[in-house]
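Each chain, letter by letter, is given below.
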Amino acid sequence: QTETFPDGRPRKTLVILGSGWGSVSLLKSLDTTLYNVIVISPRNYFLFTPFLPSTPVGTVDLKSIVEPMRSIVRRSQGEVKYVEAEATDIDPITKEIKIEENHGEIKTSLKYDYLVVAVGSQPTTFGIPGVKEHSSFLKEVSDAKKIREKILENLELASNLSEDDPKRKRLLSFVVVGGGPTGVEFAAELKDYVDQDLTKWMPKLSKEIRVTLVEGTPNILGSFDKKLIKYAEDTFNEEHIDLQLRTRVKSVNCENVQALNPNGELIDIPYGVLVWATGNAPREVTKNLMSKLEEQTSRRGLLIDEKLRLLGAENSIYAIGDCTFYPGLFPTAQVAHQEAEYLSRVFKKLNKIDQLEWQVQKTKANENITEKDTKTLDKNIDKLPTKIENFKYNHLGALAYIGAEKAVADLSMFGTSKQYLTGSFTFLFYKSAYLAMCLSFRNRILVTLDWAKVYFFGRDSSV
Ligand code: FAD
Ligand code: NAD
C-alpha cells in the first residue's frame, strides 16, 4: 500500500494489538484500504474460545477452532501487515510502541497515528499460593493440550495401580475451581467424556473417576437467571458432578486444594488434575499503559469513554474487549465483536474527516479563496467529529453447555423481554448458534466433522 492517497494526502498508520475476538472482528469489518494497517500479536492465529472447553477431552479438535492470522490478513480488502511480536510498552505521548519478537530476542519500536488495544486478559489467581505451580488454566491452546495430556497420563498411571491404592483415587479426582461459564462447561465436557467414552474403554476405572466443581459463591453460573442456575445445578447433581458451593479455595499444594467450606472449616480436596477457572486479570502491557495515564484509576482494566477511546489518550488510542473495564460491558466475545464492528465504522468516519480537512487545507492554500468560503469550510469541519455516535451494546443473550447434551440459554428478545431455554433442544440451538459464529467456512466444516466423528466413533482417546 502506498504512503499517500492519489490526492497527495498521507495515509495514516493504524496499529492493532492482538489476534483475538476484538482484533480479528475489526480486521473483518474494517476498510483496510483507508489506513496502513499493522497487526501485532505474539499468537499467529485466532482462537475460537467458545469451543475451547470441548478440546481437552476431544469433542472438538484444537485445529478446528484456530485460524491462521496469515489467512485472515490475506482476505482483507487492503494490504495488512502482520508482525508476530508482543507489545511491551506503549507511549501515548510520542505515539510509539515497543515490541519484542522471537521471545524478546529482537526488540524494535514503531509509530502509530491510531492504536487499537485488544490484548485481552490473563487468567487470575488472586495471588492464591500454589495455583500457578500446580493447576492448569483454560485460556489458550497450550492450556487445553496440557489438560489433555494430564488426564490421559493420570488414566494410564491409575490403571497400573491396585484398586485399594489411595494414589489411584487421587489420580482419578478431577477438580475444577470456578463455577463461571468456563468452569461449568469444562466440568460438563469432562463428565461427558467419562460417561460416554471412558465407560467403554476403561469400564472399571471410569466408575472411580470423580469430577468436582468448587465455587466460592452460593451458585454456579452467577450471571445467569435463577431458573437457569437451578436447572444447571440439578443437571450437575443428576450427572453426579460433585458440586462444592460456598467453598472458597485458599491455597493449593501438589496433592490437595485447601478450601474454606460453608461451615468456615479448612478442608482438603485431593486432586489428580486441577483446572483453575476463576476469571480474568489485566495483562502486563495493559497495567503498564494504565500506570502512564492518571485518568486510568481502575485496577480491573483500561477505562474507556462511550466512544471506546482510552481515557487520557482520547485522540489516538482506542481499547476494546477483555482488556477494558466499562460498567455493563462483560468480558465476552459478543462484546468484543460488537465493539470491533463499531470501531470499523468510526475509522471510516475518521478517514472521511481527515480527507475533508486535507481538502480544506489545500483550498485555503489557494490564493483566490474568499474569507466567506474559508468560514463555511471551517464550520463544516467543526460539525464533523460530533457525528460519531456513541457505542451501543446490543445484548443478544448468553448460552452455556451444562453436559449430558443439555444447555441453558438466557436470550434477550427484541432488546427487552427475556426468554429462558433449557435442555436438549437448547443444546442444538447452542451448537448451531456457535457454529454460525465460527469465523471461517473452513472452521465450520471442521467442527461439524468433529461432532460427526464423536457421534459415530466416540472421542479420540490418544494424545
Ligand atoms: P482475546 O480474544 O483473548 O485476544 C487477545 C489477543 O491479544 C490474543 O491474540 C493475544 O495473543 C494477544 N496479545 C496478548 N498480549 C499481547 C501483547 N502484549 N501484544 C500484542 N498482542 C497481545 N465469550 C462469549 O461471548 N461466548 C462464549 O461462549 C465464550 N466462551 C469462552 C470460553 C473460554 C474457555 C474462554 C477462556 C473465554 C470464553 N469467552 C466467551 C470469552 C471470550 O473469549 C473473550 O471475551 C474474548 O476472547 C475477548 O476478546 P479480546 O479480543 O478482548 O481478547
Ligand atoms: P467468571 O469470572 O465468570 O467466573 C469465575 C468464578 O470463579 C466465579 O463464579 C467466582 O465466584 C469463582 N471463584 C473466584 N475465586 C474463587 C476461589 N478462590 N474459590 C472458588 N471459586 C472462586 O470466569 P470465567 O468462567 O472464566 O468467564 C470469564 C468470562 O468469559 C466471563 O465474562 C464469561 O461470561 C465469559 N465466558 C462465556 C462463556 C459462554 O458464554 N458460554 C463461556 C466461557 C467464558
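Residues numbered from 1 in each chain as written. Chains lettered and ligands numbered in written order. Predicted model: local features only at pLDDT ≥ 70, side-chain atom pairs only at ≥ 80, totals over all residues.

Trainee: Outline the overall build of the protein, supporting the account with residue identities and numerical values.
Mentor: Within the protein one finds 13 helices and 23 strands. In terms of overall dimensions, the protein is globule-like: its C-alpha atoms have a radius of gyration of 25 Å, near the 23 Å expected for 463 residues. When burial is assessed residue by residue, the protein has 37% of its 463 residues classed as buried. Summarising the internal contacts of the protein: among those between residues at least 6 apart in sequence, 62% fall at separations of at least 24. (Helix = DSSP H or I, 4+ residues; strand = E, 2+ residues; numbered from the N terminus. Rg over C-alpha atoms; globule rule 2.2 N^0.38 Å. Buried ≥ 20, exposed ≤ 12 C-beta atoms within 10 Å, placed from the backbone. Contact = placed C-beta atoms within 7 Å.)

Trainee: Any chance you could break down the UniProt feature "domain: FAD/NAD(P)-binding" (unreviewed entry) in the protein for me, citing the residues and the numbers?
Mentor: This chain's UniProt record puts "domain: FAD/NAD(P)-binding" (unreviewed entry) on residues 13-340. Here residues 13-340 is 31% helix and 27% strand, with 17 Å between the C-alpha atoms at its ends. (UniProt positions renumbered as here; feature names shortened; annotations may be inferred.)

Trainee: Lay out the site of ligand 1 with the relevant residues and their values.
Mentor: Close contacts around ligand 1 come from 33 residues, with G18, G20, G22, G120 and G321 the closest. Taken together, the elements giving at least two residues each to the shell around ligand 1 come down to helix 1 (21-29), strand 2 (36-41), strand 5 (80-91) and helix 10 (333-365). When residues of the shell around ligand 1 are assigned to domains, at least three map to each of domain 1 (13-121 + 282-381) and domain 2 (131-280 + 395-457). (Near = placed C-beta within 6 Å. Domains from an automatic or database assignment.)

Trainee: I'd like to hear about the site of ligand 2, residue by residue, with values.
Mentor: Near ligand 2 there are 27 residues, and of these G178, G180, P181, G216 and G279 occur at the shortest range. Elements that contribute at least two residues to the shell around ligand 2 include exactly helix 6 (181-201), strand 13 (248-252) and strand 21 (397-403). With 4 residues, helix 6 is the largest single contributor of residues to the shell around ligand 2. Of the residues in the shell around ligand 2, the class split is 12 nonpolar, 12 polar and 3 charged. Both of domain 1 (13-121 + 282-381) and domain 2 (131-280 + 395-457) provide at least three residues apiece to the shell around ligand 2. (Nonpolar A, V, L, I, M, F, W, Y, C, P; charged D, E, K, R; others polar.)

Trainee: Help me get a handle on the sheet that holds strand 6 (residues 96-101), residues and values and all.
Mentor: If you walk across this open sheet you meet the 7 strands as 7-6-5-2-1-8-19, and the pairing is mixed. With one partner strand each, in any of the chains shown, strand 7 (106-111) and strand 19 (317-319) form the two edges of the open sheet. Within this sheet the neighbouring strands show an average axis-to-axis angle of 35 degrees, counted without direction. Strand direction decides the pairing type here: strand 1 (residues 13-17) and strand 8 (residues 114-117), joined by 4 bridges, are parallel. Along strand 8, the bridge assignment pairs I16 with V116. (Pairing = 2+ DSSP bridges. Axes fitted to C-alpha atoms, helices over the stretch in contact; angles between N-to-C directions.)

Trainee: Describe the domain arrangement of the protein, naming the residues involved and giving the relevant values.
Mentor: It is common to give the size of an interface as the accessible area lost on bringing the parts into contact. Splitting the protein by domain gives domain 1 (13-121 + 282-381) and domain 2 (131-280 + 395-457). With centres defined by C-alpha atoms, the gap from domain 1 to domain 2 works out at 33 Å. Taken together, the contact between domain 1 and domain 2 spans 24 residues of the former and 24 residues of the latter. Of all the elements in the fold, those that place two or more residues in the side of domain 1 that touches domain 2 are strand 3 (45-47) and strand 4 (66-68). Residue classes in the side of domain 1 that touches domain 2 are distributed as 15 nonpolar, 6 polar and 3 charged.

Trainee: Break down the pairing of strand 8 for me, with residues and values.
Mentor: Side-chain alternation along strand 8 places Y114 and V116 on one buried face and L115 and V117 on a second face that is also buried. Two elements, strand 8 and strand 19, share 3 bridges in a ladder whose sense is parallel. Bridge pairing links V116 to Y318 in strand 19.

Trainee: Explain the nonpolar core residue by residue, including any values.
Mentor: Core analysis: the largest hydrophobic core is formed by 62 residues, its most contacted members being V175, A187, A232, V257, V275, A407 and V408. When residues of this core are sorted by domain, at least three fall in each of domain 1 (13-121 + 282-381) and domain 2 (131-280 + 395-457). Apart from the residues lying within four places of it in its own chain, the contact partners of A232 are V184, I220, L221, I402 and V408. Within the second largest apolar cluster, 53 residues are counted, among which are L17, L34, L302 and I304. (Core = buried A, V, L, I, M, F, W, Y, C linked by C-beta atoms within 7 Å.)

Trainee: I'd like a description of the packing of helix 1 against helix 10, backed by residues and values.
Mentor: Orientation of helix 1 relative to helix 10, taken along the N-to-C sense of each, is 35 degrees, at an axis distance of 8 Å. The handedness of the crossing between helix 1 and helix 10 comes out as right-handed. Across the interface between the two elements, W21, G22, S25, L26 and S29 from helix 1 touch A333, A336, H337, E339, A340, E341, L343 and S344 from helix 10. Classifying every residue of the contact of helix 1 with helix 10 by side-chain character gives 6 nonpolar, 5 polar and 2 charged. (Left-handed = near helix turned anticlockwise from the far one by under 90°.)

Trainee: Requested: an account of the sheet that holds strand 13, with residues and values cited.
Mentor: Strand order in the open sheet formed by 3 strands is 13-14-15, and the pairing between neighbours is antiparallel. In this open sheet, the two edge strands, each paired with only one partner strand, are strand 13 and strand 15 (266-270). Each neighbouring strand pair of the sheet contributes to a mean axis angle of 35 degrees, computed without reference to strand direction. Pairing of strand 14 (residues 256-260) with strand 15 involves 5 bridges; the strand directions are antiparallel. Bridge assignment links L260 to a residue of strand 15, and that residue is L266.

Trainee: Run through the environment of T125, naming residues and quoting values.
Mentor: Relative to the helices and strands, T125 is located in the loop between strand 9 (122-123) and helix 3 (131-134). Separated by 326 residues in sequence, T125 and W451 have C-alpha atoms that sit 33 Å apart.

Trainee: Quick one: what's the story with the environment of L421, residue by residue and with numbers?
Mentor: Turning to its location among the elements, L421 is positioned in strand 23 (residues 417-423). Judged by local crowding, L421 falls into the partly exposed class, with 18 C-beta atoms found within 10 Å. In this view, L421 contacts A409, L411, T426 and F429; residues no more than four positions away in its chain are not counted.

Trainee: Explain helix 9 (residues 284-292) to me, and be specific about the residues and the numbers.
Mentor: Each turn of an α-helix holds 3.6 residues, which means side chains three or four residues apart point in the same direction. Buried within helix 9 are the following residues: T286, L289 and M290. The arc that holds every buried residue of helix 9, seen down its axis, measures 100 degrees, which confines them to one face. Exposed side chains of helix 9 directed beyond 90 degrees from the buried face belong to E284 and S291. Looking at the buried side of helix 9, the elements it contacts are strand 5 and strand 18 (302-303). (Arc of directions from axis to C-beta.)

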